[in-house]
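# Topology and contacts: notes
Letter by letter, the chains look like this.
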Amino acid sequence: MMRFHKACHRFSLSPLCHLSPPSPSPSASLFLPPKLSGFSTLRTRRFARTRRFSGNPFTTSMSSRSASRLRCLASVCPGGAEDGGGSSNGSVSASASATEDDELALGTGYRLPPPEIRDIVDAPPVPALSFSPHRDKILFLKRRALPPLADLARPEEKLAGVRIDGYCNTRSRMSFYTGLGIHQLLPDGTLSPEKEITGIPDGGKINFVTWSNDGKHLAFSIRVDENGNSSKPVVWVADIETGVARPLFQSQDIYLNAIFESFVWIDNSTLLVSTIPSSRGDPPKKPLVPSGPKTLSNEKKNVVQVRTFQDLLKDEYDADLFDYYATSQLVLASLDGTVKEVGKPAVYTSLDPSTDHKYLLVSSLHRPYSFIVPCGRFPKKVEVWTSDGRFIRQLCDLPLAEDIPIASNSVRKGMRSINWRADKPSTLYWAETQDGGDAKMEVSPRDIVYMQSAEPLAGEEPEVLHKLDLRYGGISWCDDTLALVYESWYKTRRTRTWVISPGSSDVSPRILFDRSSEDVYSDPGSTMLRRTAAGTYVIAKIKKENDEGTYVLLNGSGATPQGNVPFLDLFDINTGNKERIWESDKEKYFETVVALMSDQKEGDLRMEELKILTSKESKTENTQYSLQLWPDRKVQQITNFPHPYPQLASLQKEMIRYQRKDGVQLTATLYLPPGYDPSKDGPLPCLFWSYPGEFKSKDAASQVRGSPNEFAGIGSTSALLWLARRFAILSGPTIPIIGEGDEEANDSYVEQLVASAEAAVEEVVRRGVAHPSKIAVGGHSYGAFMTANLLAHAPHLFSCGIARSGAYNRTLTPFGFQNEDRTLWEATNVYVEMSPFMSANKIKKPILLIHGEEDNNPGTLTMQSDRFFNALKGHGALCRLVVLPHESHGYSARESIMHVLWETDRWLQKYCVPNTSDADASPDQSKEGSDSADKVAAGTGGGNPEIGEHEDHSKLRRSLLW
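These notes cover the structure that comes with them. Computed from a predicted model, the values in this text were never measured in an experiment. (Residues numbered from 1 in each chain as written. Predicted model: local features only at pLDDT ≥ 70, side-chain atom pairs only at ≥ 80, totals over all residues. Heavy atoms only, no water.)

### Comments concerning the overall build of the protein
Under the convention used in this document: Helix numbering and strand numbering both begin at the N terminus, where a helix is a DSSP run of H or I of at least 4 residues and a strand a DSSP run of E of at least 2. Throughout this description, buried means an accessible area under 20% of the type-specific maximum (1.4 Å probe, protein chains only), exposed means over 50%, and partly exposed covers the range between. The contact criterion used throughout is that any non-hydrogen atoms of two residues lie within 4.5 Å. Here the Shrake-Rupley method, with its probe set to 1.4 Å, supplies the accessible areas, and only the displayed protein chains count as covering residues.
A tally of regular secondary structure across the protein gives 13 helices and 54 strands. By residue count, 60% of the 962 residues in the protein fall in the buried class. For the protein, long-range pairs separated by at least 24 residues make up 65% of all intrachain contacts whose partners lie at least 6 apart in sequence. In the structure as shown, the protein presents an accessible area of about 37300 Å², 50% of it carried by carbon and sulfur atoms.

Shown next, in the form of structure tokens:
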């Protein structure tokens, strides 16, 4: 469950290393998904298991004559274009008026939102970018628009926490590219004309695009449509010089198995590919008569607590099916056509070549499997092979891990995080817990990091590299004189960075940074990495003329009370002195350092040869990429993407600050429609869209995150779409839930939630931009949980609510949820009081519930919305439930997304825009709401008394109350 407003814009595989726990090593090229997109960042890759469904989402409403769930039977045309089309097709009915009769609202077929919303969502996507290893070429990866529902309706298997397309033998619902184009990056920073990769079959679906280490070839997989289904993927290669692509294998019967690992480059002309075993027959058939009952036993009285995982194995037939689809045969394939099978068929989950490409680190799963945890906790074997597939040794064989404690920072016992050193030819390192993996155990050290060569001498024991009292979080390597080790502890939010000398046992480790992970103002930034000739990434050392210091680059977000101002510092690792060599424009633009581009030479990089890739955007200008070159700091813009939604190009955006009644400073981003003037146009209907977060201190919760100058990226289900409908949008108002010291945040969840919402509503009403009786609240996932709680406990603030894919009854997630690691039996009152299901009788304002029928997210089973709706209905609440066939936690298909937008717009137009009285509430409730609303409009009563009402607006506000 994650925030979605900008998440997809920041996950480029750039050679950056975070001082917080680093992510896995970047691939051999730099991928840059564009920061602007007309598509939801919550898109998931799963679809329904066996049934095809024609019709509209399951819709239930208290306004219907039947209380049962209705399955509308209008036909959905499955033969639409692959890209889902850019306009209405036969599967989607025309948009209806928001004032339509309730019975019509329950009619058949998917609906379309108004054109002003639909046109933004249907805008063509810009391509993703990938730089070649030598940074001299840029690959444009072309994408399609929203997929049709027919893609989601294909059968899938749900096995061990993985959703599988059995026909393709891939993960379900994979996104893909539709074409590849190469541009030469010219010396003046411009791009050459595009050279299209040719030979790709018409309609080919492209995945797993990777560069060879020398940048001369691309490898990728292709699926083509066969009888309405995508074929099994085939590995292809393309020659960069000629632009011609061809299949890697001469045989047409060798298919990629992409359930876990796909393929890796062993050297510049050889790939190791996970293939479907040629000896594999038909899938196992489910026995008509089971061999016996399903039995789970705990006669040894083990303590096994697990969260509400979904898609688990149910029986031995499922286990056999998992083996069938996940088992691979590894094949070495050269560009000259040579093919060699290596190893035995197994469930291989990762293939990692050593830095010198002489060895392979091979991980695989094996039985016994589990019925209560997903495959990530199955027994795991890690081995070292030579690059030609010869077995060297077994590093570990980890047993089934059903008993990992639910407390934060608990981990699996045994060796974990096994990787190759990026700065050495073939040296392994890993961590081992000393507390049995239980974060509640008090031990010192808690983790030990070890190191050993791929082929140790007889009797050679692993070398202890470093001992940690917090939980190990990764290493950034440089050379034998420098590496950074990260550790952290969630309970206290403490994070530490150690400087070590891996090649000198006589040099004592020292702490470089020791800080709170919540304190964004003190974040020193992340060390930038350079790409080595071997294709790995190491810390970039910078050489200053006539200076013997050891310098690195720190790339930081630059959080300040005025918003983020990203920076690049030249940092002396020994003295701690720093020099700011680059900083974002503070006034109009938001700029970030994306990657280091001068990374081809071995050894230290000279300061005067520094070259970086930056992005630049503003409130109204979408993201473009540029090169910056030292020493003269010349800037060369290399992209010129068009504005994705010019109709909103002049939208108004402001980062606002206000205060909660307990003194916590809060922030939000206020968006207003183009051309709106509050003094002339008066207050607007407002959509409040947010997601709560947890903190250990009020000071950290009060810090500003984000930038007022960031471009307003609008996803396919974004609240910002309603700017086109003349709404004010309060996006991401901070909802901090604070537990200081020994207190747990959720002990006062409801009180803090309501106080934060009251402060936000007071502020937008005070500013005169939001009509006090026309404010709707909404959220997705944990934001939906927030929405339901606010309608239950703060009915005076909002006219209606939209809750998508939420969980509403915490007793159905008894072993923890979100960041709560106490169980239901340890914190019964917390679980009950936080659950809006338990307060269904208090919800009197209209609430729209939307949920994917195939939600796979832990805790947010579709049943949560079903049962919550029934509870609301049982108390006469005005409510509506929409269940989207084939959709998961996020929504993917064009038909589904358009219908969600139609449902949301209808709800807002019906229960927010015309709202001038609380006609649906009881007389007592109406009076209570009016009293509370008077307090909100006046800036008193539960709000911060220091925030007063502007005198010239006070009479207007009171005249607009319920």
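### Some details on helix H8 (residues 782–793)
Cut-off, in case you're wondering: Residue count minus one, scaled by 1.5 Å, sets the expected span of a helix.
Over its 12 residues, H8 runs 16 Å from end to end, which matches the ideal 16 Å to within 8%, given 1.5 Å per residue. The buried fraction of H8 is high, at 11 of 12 residues. Those residues of H8 that fall on the buried side of the exposure criterion are Tyr782, Gly783, Ala784, Phe785, Met786, Thr787, Ala788, Asn789, Leu790, Leu791 and Ala792.

### Focus on the environment of Pro673
Inspection of the secondary structure assignment puts Pro673 in the loop between strand E46 (665–672) and helix H5 (678–681). Sequence-wise, Pro673 and Ile729 are 56 residues apart; in three dimensions their C-alpha atoms are separated by 8.8 Å. Among residues more than four places away in sequence, those in contact with Pro673 are Gln652, Leu684, Leu723, Arg726 and Phe727.

### Brief notes about the sheet that holds strand E43 (residues 624–629)
Spelled out, the test is: Strand pairing is assigned whenever DSSP identifies at least 2 bridges connecting the two strands. To obtain an axis, a line is fitted to C-alpha atoms, over the contacting stretch when the element is a helix, and the angle between two such axes runs from 0 to 180 degrees between their N-to-C directions.
Sheet architecture is open: 4 strands sit in the order E40-E42-E43-E44, paired in antiparallel fashion. This sheet does not close on itself; its edge strands, each paired only once, are strand E40 (589–596) and strand E44 (634–637). Taking each pair of neighbouring strands and ignoring which way they run, the sheet shows an average axis angle of 30°. By the bridge criterion, 7 bridges tie E40 to strand E42 (residues 611–618) in an arrangement that is antiparallel. Note on E42: the bridge partner recorded for Val593 is Thr614.

### Observations concerning unusual backbone geometry
Cis geometry is found at the peptide bond from Ser444 to Pro445, where omega equals -5°. Cis geometry marks the peptide bond from Trp630 to Pro631; its omega dihedral reads 10°. With respect to the element layout, Pro631 can be found in the loop between E43 and E44. A positive phi angle, close to 65°, is found at His357, a residue other than glycine. Structurally, His357 is set in the loop between strand E21 (339–353) and strand E22 (359–365).

### What about the sheet that holds strand E8 (residues 162–165)?
Strand order in the open sheet made by the 3 strands is E7-E8-E9, with antiparallel pairing throughout. Both outer strands of the open sheet, strand E7 (157–159) and strand E9 (170–171), are each paired with one neighbouring strand and no more. Across 2 bridges, the pairing between E8 and E9 is antiparallel. Of the residues in E9, the one forming a bridge with Ile164 is Arg171. The strands touched by helix H4 (residues 316–326) are E7 and E8; relative to E7, the strand with the most contacts, the crossing angle is about 105°.

### So, the environment of Ala719
Inspection of the secondary structure puts Ala719 in the loop between helix H6 (698–701) and strand E49 (728–731). For Ala719, a relative accessible area of 8% corresponds to the buried category. As for Ala719 and Ser690, which are separated by 29 residues in sequence, their C-alpha atoms are 9.7 Å apart. Those residues in contact with Ala719 that lie beyond four places of it in its chain are Leu687, Trp689 and Ile729.

### Topic: the pairing of strand E54 (residues 879–884)
Formally: The handedness of a crossover follows from its direction of travel: if, with the strands pointing away from the viewer, the path from the first strand over the helix to the second runs clockwise, the crossover is right-handed.
With respect to burial, E54 is a largely interior element, 6 of its 6 residues being buried. Here E54 shows two buried faces, one formed by Cys879, Leu881 and Val883 and the other by Arg880, Val882 and Leu884. Sheet topology places strand E53 (residues 847–852) next to E54; 6 bridges connect them, and they run parallel. From the neighbouring strand, Gly852 faces E54, where its bridge partner is Leu884. In terms of handedness, the path from E53 via helix H10 (residues 862–873) over to E54 forms a crossover that is right-handed.

### Observations regarding the packing of aromatic side chains
Test applied: For this analysis, a ring pair means two rings from Phe, Tyr or Trp (six-membered ring only for Trp) whose centres lie within 6.5 Å, classed as stacked if their planes differ by under 30 degrees, edge-to-face if by over 60, and tilted for the remaining angles.
With the rule as written, the count across this model stands at 21 aromatic pairs. When the ring of Phe260 is compared with that of Phe322, the centres are 6.3 Å apart and the planes differ by 75°; the resulting orientation is edge-to-face. Of the two residues, Phe260 sits in the loop between strand E17 (245–247) and strand E18 (263–267) while Phe322 sits in helix H4, which places them 62 residues apart along the sequence. Given the relative accessible area of 22%, Phe260 is considered partly exposed. The class of Phe322 is buried, set by a relative accessible area of 0%. For the pair Tyr645 and Phe711, a centre-to-centre distance of 5.9 Å together with 15° between the ring planes defines the contact as stacked. With Tyr645 in the loop between E44 and strand E45 (652–659) and Phe711 in the loop between H6 and E49, the pair connects residues that are 66 residues apart, well separated along the chain.

Coordinates in, geometry out; function isn't part of it.
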